[in-house]
Amino acid sequence: MAEERIIIKDQHTKEIDLVNRDPKHINEDVVKVDFEDVIAEPVGTYSFDGVWKTSYTTFTVSKYWCYRLLSAVLGIPLAVLWGFLFALISFCHIWAVVPCIKSYLIEIQCVSRIYSLCIHTFCDPLFEALAKICSNIRVAVRKEI
Amino acid sequence: MAEERIIIKDQHTKEIDLVNRDPKHINEDVVKVDFEDVIAEPVGTYSFDGVWKTSYTTFTVSKYWCYRLLSAVLGIPLAVLWGFLFALISFCHIWAVVPCIKSYLIEIQCVSRIYSLCIHTFCDPLFEALAKICSNIRVAVRKEI
Amino acid sequence: MAEERIIIKDQHTKEIDLVNRDPKHINEDVVKVDFEDVIAEPVGTYSFDGVWKTSYTTFTVSKYWCYRLLSAVLGIPLAVLWGFLFALISFCHIWAVVPCIKSYLIEIQCVSRIYSLCIHTFCDPLFEALAKICSNIRVAVRKEI
Amino acid sequence: MAEERIIIKDQHTKEIDLVNRDPKHINEDVVKVDFEDVIAEPVGTYSFDGVWKTSYTTFTVSKYWCYRLLSAVLGIPLAVLWGFLFALISFCHIWAVVPCIKSYLIEIQCVSRIYSLCIHTFCDPLFEALAKICSNIRVAVRKEI
Amino acid sequence: MAEERIIIKDQHTKEIDLVNRDPKHINEDVVKVDFEDVIAEPVGTYSFDGVWKTSYTTFTVSKYWCYRLLSAVLGIPLAVLWGFLFALISFCHIWAVVPCIKSYLIEIQCVSRIYSLCIHTFCDPLFEALAKICSNIRVAVRKEI
Amino acid sequence: MAEERIIIKDQHTKEIDLVNRDPKHINEDVVKVDFEDVIAEPVGTYSFDGVWKTSYTTFTVSKYWCYRLLSAVLGIPLAVLWGFLFALISFCHIWAVVPCIKSYLIEIQCVSRIYSLCIHTFCDPLFEALAKICSNIRVAVRKEI
Amino acid sequence: MAEERIIIKDQHTKEIDLVNRDPKHINEDVVKVDFEDVIAEPVGTYSFDGVWKTSYTTFTVSKYWCYRLLSAVLGIPLAVLWGFLFALISFCHIWAVVPCIKSYLIEIQCVSRIYSLCIHTFCDPLFEALAKICSNIRVAVRKEI
Amino acid sequence: MAEERIIIKDQHTKEIDLVNRDPKHINEDVVKVDFEDVIAEPVGTYSFDGVWKTSYTTFTVSKYWCYRLLSAVLGIPLAVLWGFLFALISFCHIWAVVPCIKSYLIEIQCVSRIYSLCIHTFCDPLFEALAKICSNIRVAVRKEI
Amino acid sequence: MAEERIIIKDQHTKEIDLVNRDPKHINEDVVKVDFEDVIAEPVGTYSFDGVWKTSYTTFTVSKYWCYRLLSAVLGIPLAVLWGFLFALISFCHIWAVVPCIKSYLIEIQCVSRIYSLCIHTFCDPLFEALAKICSNIRVAVRKEI
Amino acid sequence: MAEERIIIKDQHTKEIDLVNRDPKHINEDVVKVDFEDVIAEPVGTYSFDGVWKTSYTTFTVSKYWCYRLLSAVLGIPLAVLWGFLFALISFCHIWAVVPCIKSYLIEIQCVSRIYSLCIHTFCDPLFEALAKICSNIRVAVRKEI
Amino acid sequence: MAEERIIIKDQHTKEIDLVNRDPKHINEDVVKVDFEDVIAEPVGTYSFDGVWKTSYTTFTVSKYWCYRLLSAVLGIPLAVLWGFLFALISFCHIWAVVPCIKSYLIEIQCVSRIYSLCIHTFCDPLFEALAKICSNIRVAVRKEI
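Just so we're clear, the structure is a prediction, and the values are computed from it rather than from any experiment.

Could you give an account of the overall build of chain A, naming the residues involved and the relevant values?
Check the secondary structure of chain A and you find three helices and one strand. When the helices and strands of chain A are listed from N to C terminus, the series reads α-α-α-β. Split into buried and exposed, the 145 residues of chain A put 46% on the buried side. For chain A, the exposed area adds up to about 7000 Å²; of that, 68% sits on carbon and sulfur atoms.

Explain unusual backbone geometry residue by residue, including any values.
Positive phi values are uncommon outside glycine, yet His25 of chain E reaches one of about 55°. Among the secondary structure elements, His25 of chain E is positioned in the loop between helix 1 (2-13) and helix 2 (35-38).

Break down the nonpolar core for me, with residues and values.
One finds Val139 of chain B, Val139 of chain D, Val139 of chain E, Val139 of chain F, Val139 of chain G, Val139 of chain H together with Val139 of chain K to be the most contacted residues of the largest nonpolar core, which totals 29 residues. Val139 of chain G has contacts with Ile137 and Val139 of chain E together with Val139, Ala140, Val141 and Arg142 of chain I, leaving out every residue within four places of it along the chain.

Account for the interface of chain J and chain F, naming residues and giving values.
Between chain J and chain F, the contact holds 16 residues from the first and 13 residues from the second. Roughly 1300 Å² of surface becomes buried between chain J and chain F when both sides are summed, with 62% attributable to carbon and sulfur atoms. The tally of links between chain J and chain F comes to zero salt bridges. On the surface where chain J and chain F come into contact, there are zero residue pairs in polar contact (both at pLDDT 80 or more). Among the elements of the structure, helix 2 (35-38) and helix 3 (49-130) of chain J are those that each provide at least two residues to the side of chain J that touches chain F. Ranked by the residues each element gives to the side of chain J that touches chain F, the list is headed by helix 3 of chain J, at three residues.

I'd like to hear about helix 3 of chain J, residue by residue, with values.
For helix 3 of chain J, which comprises 82 residues, the first-to-last C-alpha distance of 78 Å sits more than 12% below the rise-based estimate of 122 Å (1.5 Å per residue). The largest bend in helix 3 of chain J is about 45°, located at Leu74 of chain J, with the proline Pro77 of chain J one to four residues further on.

Could you give an account of the packing of helix 3 (residues 49-130) of chain I against helix 3 (residues 49-130) of chain K, naming the residues involved and the relevant values?
As a packed pair, helix 3 of chain I and helix 3 of chain K sit with axes 4 Å apart at the nearest point and diverge in direction by 10°. One finds that helix 3 of chain I runs roughly parallel with respect to helix 3 of chain K. Grouping the constituent residues of the contact of helix 3 of chain I with helix 3 of chain K by class yields 45 nonpolar, 16 polar and six charged.

Describe the interface of chain F and chain H, naming the residues involved and giving the relevant values.
Facing 71 residues of chain F, the contacting portion of chain H comprises 71 residues. Across the chain F/chain H interface, buried area totals approximately 7000 Å², and carbon plus sulfur atoms make up 69% of it. Contact with chain H buries area across many residues of chain F, yet Arg21, Phe91 and Trp95 of chain F alone supply 11% of it, more than any other trio. Inspection of the chain F/chain H interface yields five salt bridges. The interface formed by chain F and chain H contains 16 residue pairs in polar contact (both at pLDDT 80 or more). Contributing elements (two or more residues each) for the side of chain F that touches chain H: helix 1 (2-13), helix 3 (49-130) and strand 1 (137-144) of chain F. At 41 residues, the largest contribution of residues to the side of chain F that touches chain H is made by helix 3 of chain F.

Before we move on, could you go through the UniProt feature "transmembrane region" (unreviewed entry) in chain A and cite the residues and values that matter?
This chain's UniProt record puts "transmembrane region" (unreviewed entry) on residues 69-96 of chain A. Taken end to end, residues 69-96 of chain A is 100% helix and 0% strand, and its first and last C-alpha atoms sit 41 Å apart.

For the pairing of strand 1 (residues 137-144) of chain J, give the residues involved together with the corresponding values.
Here strand 1 (residues 137-144) of chain H runs beside strand 1 of chain J; their pairing, made up of six bridges, is parallel. Among the inter-strand pairings, Glu144 of chain H is bridged to a residue of strand 1 of chain J, identified as Arg142 of chain J.

Any details on the packing of aromatic side chains? Residues and values, ideally.
Enumeration according to the criterion identifies 121 aromatic pairs over all chains in this entry. Taking the centre distance of 5.5 Å and the plane angle of 70° together, the rings of Phe35 of chain G and Trp52 of chain G count as edge-to-face. In this pair, Phe35 of chain G sits in helix 2 (residues 35-38) while Trp52 of chain G sits in helix 3 (residues 49-130), placing the two residues 17 residues apart along the sequence. The exposure classification of Phe35 of chain G matches that of Trp52 of chain G, with both residues buried. A centroid spacing of 5.5 Å and a plane angle of 65° characterise the contact between Phe35 of chain I and Phe59 of chain I, whose relative ring orientation is edge-to-face. Taken together, the residues span a long stretch of sequence, with Phe35 of chain I in helix 2 (residues 35-38) and Phe59 of chain I in helix 3 at a distance of 24 residues. Since its relative accessible area comes to 3%, Phe35 of chain I is described here as buried. Given a relative accessible area of 1%, Phe59 of chain I falls into the buried group. In this structure, Arg68 of chain B packs its charged tip against the face of Phe48 of chain A, placed 4.6 Å from the ring centre.

Describe the environment of Trp52 of chain E, with residues and values.
Under the relative-accessibility criterion, Trp52 of chain E is labelled buried at 3%. Sequence separation between Trp52 of chain E and Glu41 of chain E is 11 residues, and the spatial gap between their C-alpha atoms is 9.5 Å. The contact partners of Trp52 of chain E, leaving out residues within four places of it in the chain, are Phe35, Ile39, Ala40, Glu41 and Ser47 of chain E, Ile16, Asp17, Leu18 and Arg21 of chain G together with Trp95 of chain I.

Describe the environment of Asn136 of chain G, naming the residues involved and giving the relevant values.
Assignment of secondary structure puts Asn136 of chain G in the loop between helix 3 and strand 1 (137-144). The spatial distance from the C-alpha of Asn136 of chain G to the C-alpha of Cys110 of chain G is 40 Å, given a sequence separation of 26 residues. What Asn136 of chain G contacts, discounting residues up to four positions off in sequence, is Ala131, Cys134 and Ser135 of chain E together with Arg138 of chain I.

With reference to specific residues and values, describe a positive patch on the surface.
On the surface, a cluster of positive charge is made up of Lys143 of chain A, Lys143 of chain B, Lys143 of chain C, Lys143 of chain D, Lys143 of chain E, Lys143 of chain F, Lys143 of chain G, Lys143 of chain H, Lys143 of chain I, Lys143 of chain J together with Lys143 of chain K. Tracing the backbone shows Lys143 of chain H in strand 1.

Describe the pattern of salt bridges, and please don't skip the residues or the numbers.
Opposite charge on two side chains permits them to pair, given that their charged atoms come into close proximity. Applying the stated rule across the entire model yields 55 salt bridges over all chains. Across the pair Arg21 of chain B and Glu41 of chain A runs a salt bridge whose closest N-O atoms are separated by 2.9 Å. In this pair, Arg21 of chain B is assigned in the loop between helix 1 (2-13) and helix 2 (35-38) and Glu41 of chain A in the loop between helix 2 (35-38) and helix 3 (49-130), connecting two distinct chains. When sorted by exposure, Arg21 of chain B lands in the same class as Glu41 of chain A, which is buried. Lys132 of chain C is the salt-bridge partner of Glu128 of chain D, the closest N and O atoms lying 3.7 Å from each other.

Scoring rules and cut-offs
- Residues numbered from 1 in each chain as written.
- Chains lettered and ligands numbered in written order.
- Predicted model: local features only at pLDDT ≥ 70, side-chain atom pairs only at ≥ 80, totals over all residues.
- Heavy atoms only, no water.
- Helix = DSSP H or I, 4+ residues; strand = E, 2+ residues; numbered from the N terminus.
- Buried < 20%, exposed > 50% of the residue type's maximum accessible area, 1.4 Å probe, protein only.
- Areas by Shrake-Rupley, 256 points an atom, 1.4 Å probe, with all protein chains shown as cover.
- Core = buried A, V, L, I, M, F, W, Y, C linked by side-chain atoms within 4.5 Å.
- Contact = heavy atoms within 4.5 Å.
- Buried area = accessible area lost by both parts, 1.4 Å probe.
- Salt bridge = Lys/Arg side-chain N within 4 Å of Asp/Glu carboxyl O.
- Polar contact = N/O pair within 3.5 Å; in protein donor to acceptor, adjacent residues only side chain to side chain.
- Expected span 1.5 Å × (residues − 1).
- Bend = angle between axes of the 7 residues up to and from the residue.
- Axes fitted to C-alpha atoms, helices over the stretch in contact; angles between N-to-C directions.
- Parallel < 35°, antiparallel > 145°, perpendicular 65-115°, else oblique.
- Nonpolar A, V, L, I, M, F, W, Y, C, P; charged D, E, K, R; others polar.
- UniProt positions renumbered as here; feature names shortened; annotations may be inferred.
- Pairing = 2+ DSSP bridges.
- Phe/Tyr/Trp six-rings, centres within 6.5 Å; stacked < 30°, edge-to-face > 60°.
- Lys NZ or Arg CZ within 6 Å of the ring centre and 35° of its normal.
- Patch = residues over 30% accessible without salt bridge, like charges linked within 9 Å, V, L, I, M, F, W, Y side chains within 5 Å.
- Lys, Arg positive; Asp, Glu negative; His and termini not counted.
- Charge placed at Lys NZ, Arg CZ, Asp CG, Glu CD.

This is how it looks when you write it as structure tokens:
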């Protein structure tokens, strides 16, 4: 019971990293949507300077606060939900699915041996006979200069 | 909270580059539509000099001001719209889609193992028998001089 | 009878390893569902610090206790069930299936020899004749400089 | 008759090996179903220590005794049954099947020679003509630098 | 605003090159239709000298003035039209199409991962089994002298 | 007549080998059904010692006596039957089938020559023409570094 | 305007070459129809000398004058017609077709990117799985001497 | 007539070989049916010694006398029959079939030449055109290290 | 006009070669029909000497005079006819067909560019995906000694 | 006429070879039907000596005289028949068939040239275009160690 | 006219070769039908000597005189017929067919160029796209020792 507590404590007291929030690089490349990645004007077709500046600011601000509010409202309930779900999946996988596969594996081997014998008995002579087609290839190679 | 403010400030106070408006080269090669890229007269079929000059000027000016007016009127509302949209997409992707994929990944592995065993049990002997067709190729090579 | 007792005792008195509970690495890679593996925020789309911290804690705790309770209630009955099942499978496999396969193996060999003779009698001449198509290939190779 | 008795005696007085009961490794890899092979908990999703210990014990004990009782009740009748069955199969194979195959082998050879002549008479010219398609391949290879 | 004016001025005051009117070689090879490229008399079938001379002159002159008049009448309106059109295309491409593609790109990646997993789960074992057909090729090469 | 008698005597007085009863290894590998080949218990799933010993003995004894009785009752009639049958087959093969094949062989050669001429007359030009498809292959090989 | 006049003058005062009337070798090889190219008598089947001489002369003269008259009557109107036609084609190509292609080129690129992503998303995993068929080829080469 | 008589005498007075009755090895391998070739008991499944000895004797004797009686009764009539038949076949083949083939061979050559010309006239250009498909193969080989 | 006359004179005063009437070898190999090329008697089947001589003479003489009369009657009208026909063909080809092809060539290039873009846009991603099938070939070569 | 007589005399006075009656080896291998080629008894299945001797004699004698009588009765009429037939065939072939082929050969060449031009005109561009499929093969070879 | 006469004289006074009547070897191999080529008796099946001698003589004589009479009666009319026929064919070929082919050749070239352009315009992009399938082949070769 002591070991257990240590592990739990270890998990709970681990300082949560607030700066780097994607240590395993899951979403880094996919969700990259700054203003530069989305809107750009090539040389020769420039809009007014004021329009450009305002566009930049409004895009950045609206995206920033919209995300914050959504995560503040829906983040914690979703975290609890995923917690329960993954616990359930883990339990099913460990106690039910893996033993099932194991017993199925023993049974399939018997079927496999009998089936394999039949196939080899009835198909092998036929295909060995077919192999005769390729057993007499003669190639005469002549090099022209 | 301090770190957060710094990042936000960093994003907001970053001087907007008004000269190079496509730092990631998204539209540079595609949207290149000067007069020289569009209209050209080969040697031997020249129009009057005055006609050529006027054509050049009218094309350049009409394209320039038409774009400016359109961006002045529609640019800022579109920037706000894209800001909200990308915030929504980011939130869905981070809090809903990725965990879903994760749990789906665990379930698919069980199915995969059972399915793989069946396939290997019933197809392997058949295809090993088929392989006999190619197992007796005899090639006689004769070099003619 | 002495040997038997030793084996049984050996199995029963073997100290159960409470720390490493997966010595044969069956579930190690599949069931890996910590908070970092499931939810991540890339640079530029961070939620409030408090929201992030609370999410982390609620996910970890809910997953942890949910699994514990499930295994405490359902673990031991399932263990007994699997014990009986695997004993039954072992007995069938040892005393019934393997001798059956053995006797079937003797019978199939007779069928196999007669069948093989028929196939070789009727297919071999046909395919040897077909082999003539490939027996007169002439290739003239000329190297251009 | 003396030789016979020696062989029988040899078979009967041969000391039965009670420790290694699978000298020809027929079932060794297939029927391997200890607790470690079937149930395992990866790091991070551990059940209570008591639950884990009890599961281990109940699985091992239930499997062990269930198999013993089954073999004690059904083992000897099955052994007698298989004894009679294999004697019958041996007799049929030695005195009826093998001579049958032998006589069939003589008859098939006559059919085979006539059939083979027909095939070679009517198919060979056709396929030799087909072989002309491949008898004039000219390949000019040019190495570009 | 100063930078803007400079660019505009730079575009407007750039001396228009009246001699080389196809600096990017767009129409040079295609629109090449002098008298020599179109009409030619081989040795042995010559028309009268006067006929030949008059043909040359009338072809050159009629082509020359016909083109001049057409461009003088239709050139400038077409230039204005193309100016407006390309401004519109540029605006749509920059402010609407590229952001759309960006958001579509994030969504497609999720679909892609799930779809890819399904395909690999269900097709891989089948095709690995099929691969056995090619895994036992035996080639016996004999060099005839 | 003297030679004949010698051969017959030689056949009859040849000492019958009672120990090695399969000098040409016809049934050696196929009919191998001792207790070890049929029933085996892997480590971890052992039955009671007494049960195992009794199983071994009953299987061996029942198989042994069952075969003896069957061969004593049915062996000699079957030997006479096979004797007559093989004499009949030999006679038919020597005096009727082989001369038939010989005469058939002369007749088939006439048919063969005419048929072969037809085939070569009508198919050869066609296939020689088809061979032109492969007579102009040009391969340019470029090695990239 | 000075440059223009020079070019025009250059075109108009360029001395027309009356001897070599096909400087770009357009019709040289095709329209070659002297008497020797059309009518020939092999050794052994000669007509009367007078007949041969008269045939030669009548063919050459009739061909010569027939062409001259046709070109004198129809040559100049055709030259004017082709002059107008090529001026029209040049104008359409320069002022309408090329800008159209340019704008079409921008639009097709957007479609292309989205279409390409779809194809790669849905076809790549399938074909990568198909590639497994070829990923396990084993060739055993044996040289017979 | 003298030569003829010598040959006939040579054939008639040739001493008939009574020991080796198959000098051209026609039936040697096929008709081989001694007791050892037909019935065999592997180690472990032996019948009583008396049963085995009696089986051996009865098989050999019954086969031996059965064949003798059949050949004594039916041998000579069959020899006369085959004599007449082969004389008839020889006569037909020498005086009728071979001259027929000879005359047919002259006629087929005419047909062959005309047919061959047609085929080469109408198929060759088509297949030479088809050959162009293979006349421009470019292979770029890159060795990865 | 002087040059013209010289050419005409050159053509008209050129001495017509009466001996070699096929300087460009058009009909030399095709129209070769002497008596030796048509009728021949192999050794062993000779007709009477007189018959043979008369056949030779009648064939040669009848062929010789028949051709002379035909050419004398029909040669000159045909020469005039072909003269007019080839003049007409030359005129059409020079003044109508070649300019037509030229103008058609300009138009087809526009169509070609747009069509080519479509094809590359919609087919390339599909075929690049298909190319993945061949991108993972693994060949294990084993040399048997 | 002297030469003729010599040849005829040469043919008639040529001494006919009565011993080797097949100088060109036409029937040597085919019609080979002595007693040894037709009937043979392998070791172990011998008939009575008297039966064997009588069989040999009756077969040889009956075949010998049967053939003699047939050839004496039917040989000479058949020889006359074949003589007339081959004279007729020779005449047709020399005086009718070969000249026919010759004239047909001239006519087919005209058809051949026109047909060949059509085919090359309409099929070549299509197949050259098809050849592009093979003109860009890139093979990356990697040697695994 | 002198040259003509010389040629004619040369043809007429050329001494006709009565011995070698097939100087160009047209019928030498085909029409070879002596007695030895048609009828032959292998060793062992000889007819009476008288029968054989008479057969030889009657065949040779009947064939010889039958051919002589046929050629004497039908040879000269056929020679005249073939003479007229070949003169007619020569005339048609020289004065009508070859000029026709020539004019047809000029016309087909125009069609050919336009057709070829269409094919290359519409098929080339498609097949170049198809070529991408083969442009990414990766072969990993592993030598097993």
